[in-house]
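Now for the letters of each chain:
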Amino acid sequence: MIWLARHGETTWNKDRRFQGRLDVPLNDRGREQARALAERAAGHGFVALYASPLARARETAEIVGERIGLEPRLDDRLRESDVGDWAGRHKEDIARDEPEAWAAFLAAGEDFRFPGGESLAEQQRRVIAALVEITQRHELPALVVCHRGVIRCALAHTHRRGLDTYHEWTVPNGELVKL
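Criteria and cut-off values
Residues numbered from 1 in each chain as written. Predicted model: local features only at pLDDT ≥ 70, side-chain atom pairs only at ≥ 80, totals over all residues. Heavy atoms only, no water. Buried < 20%, exposed > 50% of the residue type's maximum accessible area, 1.4 Å probe, protein only. Helix = DSSP H or I, 4+ residues; strand = E, 2+ residues; numbered from the N terminus. Pairing = 2+ DSSP bridges. Right-handed = clockwise from strand over helix to strand, strands pointing away. Phe/Tyr/Trp six-rings, centres within 6.5 Å; stacked < 30°, edge-to-face > 60°. Lys NZ or Arg CZ within 6 Å of the ring centre and 35° of its normal.

Enquirer: An account of the pairing of strand 2 (residues 48-51) is needed here, citing residue identities and associated values.
Expert: Of the two faces of strand 2, the one holding Ala48 and Tyr50 and the one holding Leu49 and Ala51 are both buried throughout. Here strand 2 pairs with strand 4 (residues 142-146) via 4 bridges, running parallel. Among the inter-strand pairings, leucine 49 is bridged to a residue of strand 4, identified as leucine 143. Note: strand 2 against strand 3 (residues 73-74), 2 bridges, orientation parallel. If you follow tyrosine 50 over to strand 3, its bridge partner there is arginine 73. Crossover handedness for the path strand 2 to helix 3 (residues 55-68) to strand 3: right-handed.

Enquirer: Tell me about the sheet that holds strand 3, and please be specific about residues and values.
Expert: Taken together, 5 strands build an open sheet; the order of strands is 3-2-4-1-5 and the sheet is mixed. Only two strands of the sheet have a single neighbouring strand rather than two, namely strand 3 and strand 5 (176-178). Here 5 bridges tie strand 1 (residues 2-6) to strand 4, and the two strands are oriented parallel to one another. Looking at strand 4, one finds that isoleucine 2 is bridged to alanine 142.

Enquirer: Account for the packing of aromatic side chains, naming residues and giving values.
Expert: Under the counting rule described, the total for this entry stands at 14 aromatic pairs. Ring centres 5.9 Å apart and planes at 90 degrees place the aromatic pair tryptophan 86 and phenylalanine 105 in the edge-to-face group. Remark: phenylalanine 105 occurs in helix 5 (residues 99-107) and tryptophan 86 occurs in the loop between strand 3 and helix 4 (91-97); sequence separation between them is 19 residues. Each of the two residues, tryptophan 86 as well as phenylalanine 105, counts as buried. Where phenylalanine 112 meets phenylalanine 114, the ring centres are 5.0 Å apart and the plane angle is 85 degrees; that geometry is what we call edge-to-face. Here phenylalanine 112 and phenylalanine 114 have matching classes, each one buried. Site record: aromatic cluster; members linked through ring pairs are Phe18, Trp86, Trp102, Phe105, Phe112, Phe114 and Tyr166. Seen from the ring of tryptophan 12, arginine 17 lies directly overhead, with NZ or CZ sitting 5.2 Å from the centre.

Below is the structure:
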């Protein structure tokens, strides 16, 4: 069994900015969330720990790993969505300035592509490939510390409506989700 955990909060999460693949670190609240996540993770008997190499996920995984006695293994396929032109922008600004693109994002689905970035289908394929490889490489349970978009893609993969369910999954910072 694989468990997914979303990294702790960053200043950009708080400001409602798209981070995508930009390397934004945890803030103080995010570090507190990572420590709380580590306590919740301690009782699960994880035998493997993976993480996105982006600072916010890597730091969260390091905090968790210290508590559960595992060194995080970094995997580029667990990075957040390549949000292209939206990286660093406030979500409210995008909704106001690009209403059609924003509406397409809220509808999600396989065909949605971030302007100048990757499609949700491309992200889902790389994420699922990483998770399948993790299940084949280790005895389970394994913990993967990553991003909301990664978790949404993985959960949508388990649903018959697929990526049409992308926005139905609420994943707060520091959340632990059983896949």
